[in-house]
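So the chains spell out like this:
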Amino acid sequence: MGAVMNSDGRLEVFALGSDGAIWHSWQKGPSAGPWASFQSLGGSLVTGPAAIRFFDRLRVFARGVDGTLWHLSQIAPGNGWGSWQSHGGSLTDEPAVATNADGLLQVFSRWSDGQLWTCVQDGPDGLGQWRPLGGQITGSPHVAMHADGRLTVFARHVDGTLRHISQTSPNSGAENWTSDWPILTGPVSQTPVAGVLGADLRMDVHFVSVGDEPRVVWQTAPAAAQWGGPASMGGVVTSAPVVSRNLDGRCELFAIGTDRRLYNTWQTAPNNGWSGWNPMPLTNLVGRICVARNGDGRLEVFGINDVGDMVHTWQNAPSAGPWHHESLGGQMLGGLGVRLTRLGSREGWHFRE
């Protein structure tokens, strides 16, 4: 995730800098700015960061220049950081991290053999052994939790189809996953995004297909093996979509258009139709975007523009506009000509959120 909430209610956002370090900024008050100036967390990394909160502390994961998984943990809730540690591996893309139903973290990544590999937390700051989960995937995986507590990983297969693999029961860690990778839909051109987003606890998966058209498939019932769709969301996008849920239960989807502007579309009512794409104030965006939800329920979207500044826009009130926006800086980090280059992704919302 690119933006995560601290245990005290303050959002914190993370991005890769052109110097290979992870840089971060944070709200100075719960659900409110102003934001602190960007500070370096160090590192020698090549992917956007995957950040997550583990109980009362944040942890950050990324692929290093050596191809291994590196991770960093706060040393105190909401304050202070330790040192980067390697956990080995042969990663080729950005890792994805999720929380099991029992609270233990689990990391997933594509390795140089094309398979999905995973490891599970085995202590306060440690990770267990890597284990292969099969498949032949391209790009980064995406992980989300079913309404029954089982994790599922979605990924683009080498044949261009969208496939998935699931835990056979909640908290089964690196073992006890389904043995095959069934095709869900296709073709898909970018990393999909999934989560239990509907008020009725059915999972949606949003993805980009032929002609850069955003599409969606959905479970026919909570935690079900059957899926509906695909259906078109309309329009043409240049980034993988990100999606979150408003406090009133309506899902909201964000993506970058061909004019490099941020657009959004939202459900007109929980579990209902969509509004159609609407232009938003963030422009000249490059790369990816991420979305987070403040402690008071207001959605906030982050992106990086073509000069290396991080920009963000946020709802004026929970589940409602108008949207405000501003720049957090980032094109001249540390006065050394370092700039922000890549955000982390935003994993799918779990039913517990």
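If you're wondering where the values come from, they're calculated on a predicted model, not measured in any experiment. Per chain, residues are indexed from 1 in the order of the written sequence. Under the rules for a predicted model, residues below a pLDDT of 70 receive no local features and side-chain atom pairs below 80 are neither given nor counted, while totals for whole chains, interfaces and linings still include all residues. Excluding hydrogens and water, the side-chain values take into account all heavy atoms of the structure.

1. Regarding the overall build of the chain
Then, number 1: When its secondary structure is counted, the chain shows 0 helices and 31 strands.
Then, number 2: Atoms counted for the radius of gyration: C-alpha only. Globule rule: 2.2 Å times the number of residues to the power 0.38. Taken over C-alpha atoms, the radius of gyration comes to 19 Å for the chain, in line with the 20 Å a tight globule of 353 residues would show.
Then, number 3: For the chain, the spread of C-alpha atoms along the three principal axes comes to 50 × 45 × 35 Å.
Then, number 4: When a residue's accessible area, from a 1.4 Å probe over protein chains only, is under 20% of the maximum for its type it is buried; when over 50% it is exposed; and in between it is partly exposed. Taken over 353 residues, the chain has a buried fraction of 58%.
Then, number 5: Whether two residues are in contact is decided by their heavy atoms, any of which lying within 4.5 Å being enough. Looking at the chain alone, contacts between residues at least 24 apart form 44% of all its contacts between residues at least 6 apart.
Then, number 6: As presented, the chain carries roughly 12,700 Å² of accessible surface, and 50% of it is formed by carbon and sulfur atoms.
Then, number 7: For the charge count, each Lys or Arg is scored as positive and each Asp or Glu as negative, with His and the chain ends excluded. Charge placement uses NZ in Lys and CZ in Arg. For Asp and Glu, CG and CD serve respectively. For the chain, the centre of its 24 positive side-chain charges and the centre of its 29 negative side-chain charges are spaced 1 Å apart. A run of H or I in DSSP becomes a helix once it reaches four residues, and a run of E becomes a strand once it reaches two; helices and strands are each numbered from the N terminus. Note on areas: Shrake-Rupley with a 1.4 Å probe; residue coverage comes only from the protein chains shown.

2. Concerning the sheet that holds strand β11 (residues 96-99)
As a general point, the strands of a sheet are linked pairwise by backbone hydrogen bonds and lie either parallel or antiparallel.
Then, number 1: Here the rule is simple: two strands pair whenever DSSP picks up at least two bridges between them. Pairing within the open sheet is antiparallel, and its 4 strands lie in the order β11-β12-β13-β14. Because the sheet does not close on itself, it has two edges, and the strands there are β11 and β14 (131-132).
Then, number 2: The sheet contact formed by strand β13 (residues 116-120) and β14 spans 2 bridges and is antiparallel. Within the sheet, the bridge partner assigned to Thr118 lies in β14 and is Arg131.

3. Quick notes on the confidence of the model for the chain
Then, number 1: Looking at the chain as a whole, the pLDDT averages 91, with 96% of positions reaching at least 70.
Then, number 2: Confidence of the predictor at the level of single residues is given by pLDDT, which spans 0 to 100. Here residues 348-353 is modelled with pLDDT under 50, and outside its nearest four sequence neighbours on either side it reaches 31 contacts, counting other chains as well.

4. Looking at the nonpolar core
Then, number 1: Joining through side-chain atoms within 4.5 Å is the link that ties buried Ala, Val, Leu, Ile, Met, Phe, Trp, Tyr and Cys residues into a set, and such a set is a nonpolar core. The biggest cluster of nonpolar side chains holds 18 residues, and the ones touching the most others in it are Val13, Phe38, Phe302, Met310, Leu340 and Leu343.
Then, number 2: Of all the secondary-structure elements, those providing two or more residues to this core are β2 (11-17), β27 (285-293), β28 (299-305) and β31 (340-343).
Then, number 3: Ranked by the residues each element gives to this core, the list is headed by β2, at 3 residues.
Then, number 4: Setting aside residues up to four positions removed in sequence, Met310 forms contacts with Val13, Ala15, Phe38, Phe302, Gly303, Ile304, Ser327, Leu328, Gly329, Leu340 and Leu343.

5. Digging into the sheet that holds strand β16 (residues 151-157)
Then, number 1: Strand order in this open sheet of 4 strands is β15-β16-β17-β18, and the pairing throughout is antiparallel. Strands at the two margins of the open sheet, each flanked by one partner only, are β15 (137-145) and β18 (183-185). Each strand of the sheet is rotated relative to its neighbour by a mean of 35 degrees, with strand direction disregarded.
Then, number 2: Alignment of β16 against strand β17 (residues 162-166), held across 5 bridges, turns out to be antiparallel. Within the sheet, the bridge partner assigned to Phe154 lies in β17 and is His164. Axis geometry follows a simple rule: fit a line to the C-alpha atoms, using only the stretch in contact for helices, then measure angles between N-to-C directions, giving values from 0 to 180 degrees.

6. Things to note about the side chain of Ser25
Then, number 1: Relative to the elements of secondary structure, Ser25 occurs in strand β3 (residues 22-29).
Then, number 2: You can call Ser25 buried: its relative accessible area is 0%.
Then, number 3: Within 3.5 Å is the distance limit for a polar contact, defined as a pair of N or O atoms, with the added protein rule that one can donate a hydrogen and the other accept it, and that residues adjacent in sequence qualify only through two side-chain atoms. Here Ala36 takes part through its backbone oxygen, which lies 2.5 Å from a polar atom of the side chain of Ser25.
Then, number 4: Sequence-distant contacts of Ser25, defined by excluding residues within four places in its chain, comprise Leu11, Glu12, Val13, Trp35, Ala36 and Phe38.

7. Quick notes on the packing of aromatic side chains
Then, number 1: Centre distance within 6.5 Å is the pairing criterion for rings of Phe, Tyr and Trp, where only the six-membered ring of Trp is used; planes under 30 degrees apart are then read as stacked, over 60 as edge-to-face, and the remainder as tilted. Evaluated as defined, the whole model comprises 8 aromatic pairs.
Then, number 2: Note on Trp111 and Trp117: the rings are 3.9 Å apart at their centroids and 10 degrees apart in plane angle, and the pair reads as stacked. Both residues of the pair, Trp111 and Trp117, belong to the buried class.
Then, number 3: Three or more aromatic residues link up through ring pairs in this structure, and these residues are Trp111, Trp117 and Trp130.

8. Let's talk about the pairing of β13
Then, number 1: Extensive coverage of β13 is indicated by the burial of 5 of its 5 residues.
Then, number 2: Burial of β13 is two-sided: the residues Leu116, Thr118 and Val120 facing one way and the residues Trp117 and Cys119 facing the other way are all buried.
Then, number 3: As consecutive antiparallel partners, strand β12 (residues 105-110) and β13 are separated by 5 residues, and within that stretch Gly114 has a phi angle of approximately 85 degrees, a positive value.

9. Description of unusual backbone geometry
Then, number 1: The step from Gly33 to Pro34 runs through a cis peptide bond, and the omega angle for that step is 5 degrees.
Then, number 2: Along the polypeptide, Pro34 turns up in strand β4 (residues 32-35).
Then, number 3: A cis amide bond links Gly229 with the next residue in sequence, Pro230, at an omega value of 10 degrees.
Then, number 4: The residue Pro230 is located in strand β22 (residues 227-232) in this model.
Then, number 5: Unlike most non-glycine residues, Ser31 shows phi in positive territory, near 60 degrees.
Then, number 6: Unlike most non-glycine residues, Asn176 shows phi in positive territory, near 60 degrees.
Then, number 7: Note that Asn176 resides in the loop between β17 and β18.

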